[in-house]
Amino acid sequence: MSQGTQGSYLYDVFIEEGDKSPQEFHLEKFKRFISDYGSKVAQTESQINTDDNTVFAEVWDPIQDPIKFQFTPHEVLRFDEMIVTENKLMQKIILVFANLNTEMQSLKHTAVTQFFPSLSIFGESVDDSQEDGEKQLQFGRTLPLLMDFWNFVERINIVVKNVIQQLASLYGNGPAIQANPALKALQQAHFLEVFEELSDLLGVIITLDETITQNRSFHNHLTLYNRMIMKVMAEPERYGTTKKAVGRVQYLLHKIDGDVLDDNILKSCIQRSFDEPGISVQSNKIFKAEFEYSLKAMFQNLSECINTTKETDHRYKFVGFCGTYLFYYNLFLDTSDKKFFRRIWDMHKLLPIIHLYGNTVWSCSEFFNSKTPDLLRLIGVKYPKKEIDDVKMSTLKVGDDNLAATVQAHYLQLCVWTSRIESMFAVESDGKDVVGIQGTLILQGIQLAFRISNLLKTQLYLHILAAKPLSIPQVVLLCRCIEMLKTIKITYGRKTATFAKLISTLTEFLSFKIEKLLLPLKNRLETKKKQNDTDMDQLSSVLLAFHLLGGGSPSRKRLLLIKLTLQITLQKTTGLFKESEFDEIRGLLKRLDVVSDFESSLNFATDCSLIYWSKTLIRTFFDHVYECPERAAELKYIFNALEDPKLILERCSHLPESSKLCDRYRDEITEMLQQAIIKPLCTEVETDLRLNIHSSVTLGQHSQNLNTVKNSVKDVTCFFKIRPIRFLGKYIDISQRVSHYLNDCFYELTTVGPHNWKTYEEMRSLASEKYGLELLNVYLPGQTLEQGLDILQITRNIHLFVSNYSYNLNIGMFIEKCSTTDSKNLNTVHIKHVANSIRTHGTGIMNTTVNFVYQFLGKKFYLFSQFLFDDHIKSPLLRDMRYFKDHAMSLDNQYPLKRAMKFVKGIKKLGVARSGLSYLDQFRQLITEIGNALGYVRMVRAGGLRYISDAIKFVPDLDTIENFTELVDAEKLSNCSKESAKNLFDTLNNLSQKFAEGSDYFKSLESVFTKEMQNDDLQHLRSFYMIVPPLTLSFVEYMMIAKDKMIRSGKESNFTDDGFALGLAFILKILNQNQKFDSLHWFESVARKYDEEFQELKKSMSDKGVMTNAERNAAKRHNPDDELQTMRLTLTRITNTKREFELLFFSFSGSRVFFRD
């Protein structure tokens, strides 16, 4: 049948690839099979290989299990080979309906596995901030899927039409029926199975319609894509295409939008014409009566099970039933049975909403309100919208009030069922039906899973639709439902081997019971003297049923034939069967159907993929688990449920790589766990360890205080008893993560304070004793043995170091200031000292040092901001900015020296500190300390590179490092030698990479502080570049005084202080004011000013040198001092000042190199 309609797939002309021959197609298919098989074998081998000490998670994972039992029987025979009967007419009818049912099942499977996931997840993005054009790209990537979906919908329409016409041909009154009494006798059989399968297919159509309608991304993305196509249509040559090609795409988009994206799939399916020459459908009264009978029979079966303990997938079947009733109404326009429709309408009081798939829900009341409003008026529903809302709110209120009691009742039922299933084979044979008990337990577990799933989905989505937030107790109860669902599935998984033995026995037992019930009917028919056509059909069907039941395991194909056959056998019109016998056989068939394919029902009932769209519940649950550590063991079930969306995410078609969506989802959930449980857990454990250790040291009552602290802090040891949790291909080990945090914390703090090593050793031992955490030994010595300051002491007292030492940029070392020590010798810190400290303490202290410098800079920049925010500073800077902007042309774009001197004098008028320094001088010292801290970071980096260079200097060639592991393997040495060779090779590779790459700490600090300092709240920092000229004047004055005191052996003497230049360059860079400062041309202005003064003074001195003796004598009498000597001193001062400015300029220019982009 499927081959006959292959050519009906539409719009294949849009596929531009050439047609492949059958040989090429099968060869390519075989290659894919070989490739997939090889990868699966490799995965299986890696999973069962435990030589690499792989840690397996505690929760059973059906996806990752290397071995899996397949319970569903596989049928190798065709339908015509299984239907062995002499009644050829019955054989043809059963064969037709069997093939149609199989086709409808195949379409349903295709929709569930291919289109449901892709359509549900459409629009989800890896990055919340999408770039322009990303939505158009996403829709473009989805076009192939939508074309397949388009063809799929057309295929559904063809199959539905074929089913209706086949049924109408059987249940008709045409010439063929009148001429064949045997065919007319078969009209008494009700092929309810065909109508039920048709109902399920219409349920698939409704799900597809609702999924697309409720996912607004389709409409938004299509609108943007159409706009883009319109632009391309206007200028096709610009985009390398033609108007004809763009027109074809526009036509394709129009058809896709109208046929499948505009809530028209169900409408186009049921409103088409089904009448053809020789086939009457709409005017066929016999078919109408059979359709109505099947509707009432289906509704009777559904209403008896919904909201009872027998309910399984009946809610989803009710969706298809509503679609089937709408089909019946559109086909025959029959409104005679108002009571029946009223019963259907009243079902919305039991089922206000039904979860379909993913994030899609459906309401039968809203469905009929939108599709058949006339029917609602006929049954007296005046205000359907109000009634719908009232029912939802009342159901929500009742559900919230009874949620705790309902969940507790389900939990008790689960405990009873679990205990019975665990001891299933321990049932003693005391005359009871042991196999029946075991089969009942299997069905009870699936029914319980459906009840819990329905409760979870109904309460969750009622809250979402009502925009009513869930309380924390309600979230915890819903998460308890998720745990119970996964408990049921894991229980089935643990009993896989048991079920493998049981299923075949149970199916044989059920088949035997059906045969036993059919045997009296067979005997009655065989012994009946006068047999009409109906009796002959029944007898043939009974014999065929016996043949099918005894012919092998009940596969899906065989079960379908049994059901169709028994539809003919169990005709109530003959009076050969009792009503109770009818019901018993149908109940056994239902059980046989569920048992033979219980995996599908189990997966459907326990699926929690909806949790992807309700991730906020998980964060709330994580917070609750942290507050109640005794529930820590439940995390493994929640993470097992969190893996359910994986199958949907992997079917993503609108992104170039679906794996990125999975990675983002995994990172999001992992971050929730980190913030809600792991991070607070680390802090609490550390605090608890400190309190225990400090209390024992202080009071000497270790055991007593240990108990006191333990009682005051909740018992978090439950978290460390959880085995590693596997989540989307990665393991989450809470114990390992907390241990890693404590290891880092103890190491860094011991690095800063080596004298506390004993305390941290005690904390490490206590962590092992109390929490079972195996921490690493720190193994850090107290101090280096070589001469010079130790880097640990410097890092610990970084605030004193930057104020007591001066930095030399060219040599890269620090020199102690004379004013800070009474010693006759000055300490120096050089790169060699840093390298020695790193060699002693390890490279870990480098990152620790940078972290301390970062914290120090944060405090200094706070003072920096406060100074510039002061009105006495901010106002003069703003005046200078306006002045320079207004007179830039007249000043030749050079900031005048006089203006800077005026600013310095103005600041001095504000007062001075006790040390005699003005506020500007103190601000200069602040910038110098910032620069010294940066210089210290630079020196640490250089020391690290020197340490690595010394460590690898004995390696002959860094480019080609021998693989010692291979050499040891070639010599067949011991395992210990192999391990040593591997460690050596890894160490050399690590050192070689670090030597080649290094670590640019300046870039890290720059990126961090740039974001903070350019904040809109710090507008007052934008005028910093205007205070640089006065700062340089202050620095030059300070350096001239310090150098002059060196000659006179003064206490405040100094000869280098490049920290000021380095700090200045860093601040201008993070404030993005380099260009603004360069526009001042400050150093050019200073140089020109002092050159002018120098030339004027030289000219005055030359003029003094050519005076006459009389003029010279008169000048001496007028001024007793030697005026010429004064000029020489002034000339020397100008020369020295100019030289200091040049030295500052060179240091400043060199410092700016570090912060180039």
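This text follows the structure it describes.
Residues numbered from 1 in each chain as written. Predicted model: local features only at pLDDT ≥ 70, side-chain atom pairs only at ≥ 80, totals over all residues. Heavy atoms only, no water.

Enquirer: Looking at this structure, I do not really get the overall build of the chain. What am I missing?
Expert: Looking only at helices and strands, the chain features 47 helices and seven strands. A fraction of 79% describes how many contacts in the chain between residues 6 or more apart in sequence connect residues 24 or more apart. When the accessible surface of the chain is totalled, it reaches about 58300 Å², and 52% of it is carbon and sulfur. (Helix = DSSP H or I, 4+ residues; strand = E, 2+ residues; numbered from the N terminus. Contact = heavy atoms within 4.5 Å. Areas by Shrake-Rupley, 256 points an atom, 1.4 Å probe, with all protein chains shown as cover.)

Enquirer: Hey, could you run me through the environment of Asp733 in this one?
Expert: Secondary-structure assignment places Asp733 in the loop between β4 (730-732) and α30 (734-752). For Asp733 and Phe720, which are 13 residues apart along the polypeptide, the C-alpha to C-alpha distance reads 8.7 Å. Polar side-chain contacts of Asp733 include one of 3.3 Å to the backbone nitrogen of Ser735. (Polar contact = N/O pair within 3.5 Å; in protein donor to acceptor, adjacent residues only side chain to side chain.)

Enquirer: Honestly, the pattern of salt bridges in this entry has me stumped. Any pointers?
Expert: Here the idea is simple: oppositely charged side chains can pair when their charged atoms come close. Applying the stated criterion across every chain yields a total of 42 salt bridges. Close ionic contact of Asp401 with Lys397 constitutes a salt bridge, the shortest N to O distance being 3.2 Å. Taken as a pair, Asp401 and Lys397 lie in helix α16 (residues 384-422) at a separation of four residues, close to a single helical turn. There is no split in this pair, since Asp401 and Lys397 are both exposed. The shortest N-O distance in the salt bridge between Asp871 and Lys874 comes to 4.0 Å. Taken together, the residues Asp871 and Lys874, both in helix α36 (residues 871-886) and three residues apart, mark about one turn of the helix. Salt bridges sharing partners connect three or more residues here, namely Arg480, Glu483, Arg631 and Glu634. (Salt bridge = Lys/Arg side-chain N within 4 Å of Asp/Glu carboxyl O. Buried < 20%, exposed > 50% of the residue type's maximum accessible area, 1.4 Å probe, protein only.)

Enquirer: How do you make sense of the sheet that holds strand β6 (residues 813-816) when you look at a structure like this?
Expert: Strands pair in a sheet through their backbones, by hydrogen bonds, and they do so in one of two ways: parallel or antiparallel. If you trace the three strands from one edge of the open sheet to the other, you get β5-β6-β7, paired in antiparallel fashion. Unpaired on one side and paired on the other, β5 (805-808) and β7 (828-829) mark the two borders of the sheet. As paired elements, β6 and β7 share two bridges and run antiparallel to each other. Within β7, the position partnered with Phe814 by the bridge is Val829. (Pairing = 2+ DSSP bridges.)

Enquirer: Explain a positive patch on the surface to me, please; I cannot follow it from the model alone.
Expert: Among the surface-exposed residues, Arg879, Arg882, Lys902, Lys905, Lys908 and Lys909 lie close enough to one another that they form a single positively charged patch. Mapped onto the positive patch, the elements with two or more residues apiece are α36 and α37 (897-908). If you tally residues by element for the positive patch, the top one is α37, at three residues. Tracing the backbone through its elements, the reader meets Arg879 in helix α36. (Patch = residues over 30% accessible without salt bridge, like charges linked within 9 Å, V, L, I, M, F, W, Y side chains within 5 Å. Lys, Arg positive; Asp, Glu negative; His and termini not counted. Charge placed at Lys NZ, Arg CZ, Asp CG, Glu CD.)

Enquirer: Explanation requested: the packing of helix α7 (residues 192-214) against helix α21 (residues 556-569) in the structure shown.
Expert: A pair of packed helices is captured by two measures, namely the crossing angle of their axes and the spacing between those axes. The interhelical angle for the contact between α7 and α21, taken along N-to-C directions, is 130°, at an axis separation of 8 Å. Considering the angle they form, α7 stands oblique to α21. Touching Leu192, Glu193 and Val194 of α7 are Leu560, Lys563, Leu564 and Gln567, all from α21. Residue composition of the contact of α7 with α21, grouped by class: four nonpolar, one polar and two charged. (Axes fitted to C-alpha atoms, helices over the stretch in contact; angles between N-to-C directions. Parallel < 35°, antiparallel > 145°, perpendicular 65-115°, else oblique. Nonpolar A, V, L, I, M, F, W, Y, C, P; charged D, E, K, R; others polar.)

Fair warning: the whole summary comes from geometry, so function is off the table for now.
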